[in-house]
Amino acid sequence: MNEMQGFIYHMVPNQMVGDKLIPLNSLKTTHPDLYEKYTEKYLNHPERSKLLKRSIPKLNCLWNDVIHFLPLHPYFVFNALSNLGIKTKENVTFYKIPIELLAHNKNAIYHYSKERYKGPSAGIVDEEIELLDIKTYQELQDIPTDTLTFYRNENEKGNKFGLFPFIPHILTLGEVDVRNVEIVSWNRFE
């Protein structure tokens, strides 16, 4: 095994069955009750529901056929929100997953940028997806400026908003065993 290059992070689900993270679309057949629960955030918002049919170039699958990960410690998100005076839950936990656990999956970086993003109904273009070589992966050490601006603007408008806009996403096509990974809180840098 190569020297560790970093970690990826995934919010610990409220309800989890087994020891593996699996894509949302896989839950449809294995655990329909969980699929229904976790698709509510899409189905209750007409614009977001279009994400369920969004195709991911180079991985040749749909948005919910992959597992989404943060390439930076979630503390950076918590800290940015707190510094802007935005109230957040303090007890949110994340799996801190060594990138090597993705070795048997097909992986990509979604370069989620303000310049290219045209809304949930717009497609993802090839240039936004880069196949990931886990041997060269480097964990991010700060939050993008566009993300901070988004938080500030949406908060000033009084809008509810997602936590990870314009932060690159690591996408993996496959399952990820989290049985022996560390769980960290987002309100502390550990």
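For the structure itself, consult the block above.
Thresholds applied
Residues numbered from 1 in each chain as written. Predicted model: local features only at pLDDT ≥ 70, side-chain atom pairs only at ≥ 80, totals over all residues. Heavy atoms only, no water. Helix = DSSP H or I, 4+ residues; strand = E, 2+ residues; numbered from the N terminus. Polar contact = N/O pair within 3.5 Å; in protein donor to acceptor, adjacent residues only side chain to side chain. Contact = heavy atoms within 4.5 Å. Pairing = 2+ DSSP bridges. Buried < 20%, exposed > 50% of the residue type's maximum accessible area, 1.4 Å probe, protein only. Arc of directions from axis to C-beta. Salt bridge = Lys/Arg side-chain N within 4 Å of Asp/Glu carboxyl O.

Novice: For the side chain of His169, give the residues involved together with the corresponding values.
Specialist: Tracing the backbone through its elements, the reader meets His169 in strand 9 (residues 169–173). Of note is the side chain of His169, whose polar atom sits 2.8 Å from the backbone oxygen of Ile167. With sequence-adjacent residues up to four places away left out, His169 is seen in contact with His68, Phe69, Ala108, Ile109, Tyr110, Tyr112 and Phe164.

Novice: Give a description of the pairing of strand 6 (residues 93–98) that names residues and reports values.
Specialist: In this structure, strand 1 (residues 7–11) lies alongside strand 6, joined through 5 bridges in antiparallel fashion. Looking at the pairing, Tyr9 lines up with Lys96 of strand 6. Alignment of strand 6 against strand 11 (residues 182–185), held across 4 bridges, turns out to be antiparallel. Residue Thr93 lies in a different strand from strand 11, and its bridge partner there is Ser185.

Novice: Tell me about the side chain of Thr147, and name the residues and values.
Specialist: Structurally, the position occupied by Thr147 is in helix 4 (residues 145–157). Using a relative accessible area of 0% as the deciding quantity, one classes Thr147 as buried. Apart from the residues lying within four places of it in its own chain, the contact partners of Thr147 are Pro165, Phe166 and Ile167.

Novice: Can you break down helix 3 (residues 75–83) residue by residue, with the values?
Specialist: When helix 3 is considered as a whole, its buried residues turn out to be Val77, Phe78, Ala80 and Leu81. When helix 3 is viewed along its axis, its buried side chains cluster within an angular range of 165 degrees and face the same direction. Along its buried surface, helix 3 packs onto helix 4. A positive phi of about 75 degrees marks Gly85, the residue just after helix 3.

Novice: Give a description of the pattern of salt bridges that names residues and reports values.
Specialist: Pairing is possible between side chains of opposite charge, provided their charged atoms come close. Applying the stated rule across the entire model yields 3 salt bridges. Glu154 serves as the salt-bridge partner of Lys157, at 3.5 Å between the closest nitrogen and oxygen. Placement of both Lys157 and Glu154 in helix 4 is noted, with a separation of 3 residues, approximately one turn of the helix. Glu154 sits in the buried class, given a relative accessible area of 14%.

Novice: Describe unusual backbone geometry, listing the residues and the values that go with them.
Specialist: In this model, Asn60 sits at a positive phi of 55 degrees, which is unusual for a non-glycine residue. Within the secondary structure, Asn60 sits in the loop between strand 3 (55–56) and strand 4 (61–62). At Phe166, a position not held by glycine, the phi torsion is positive, near 65 degrees. With respect to the secondary-structure elements, Phe166 resides in the loop between helix 4 and strand 9.

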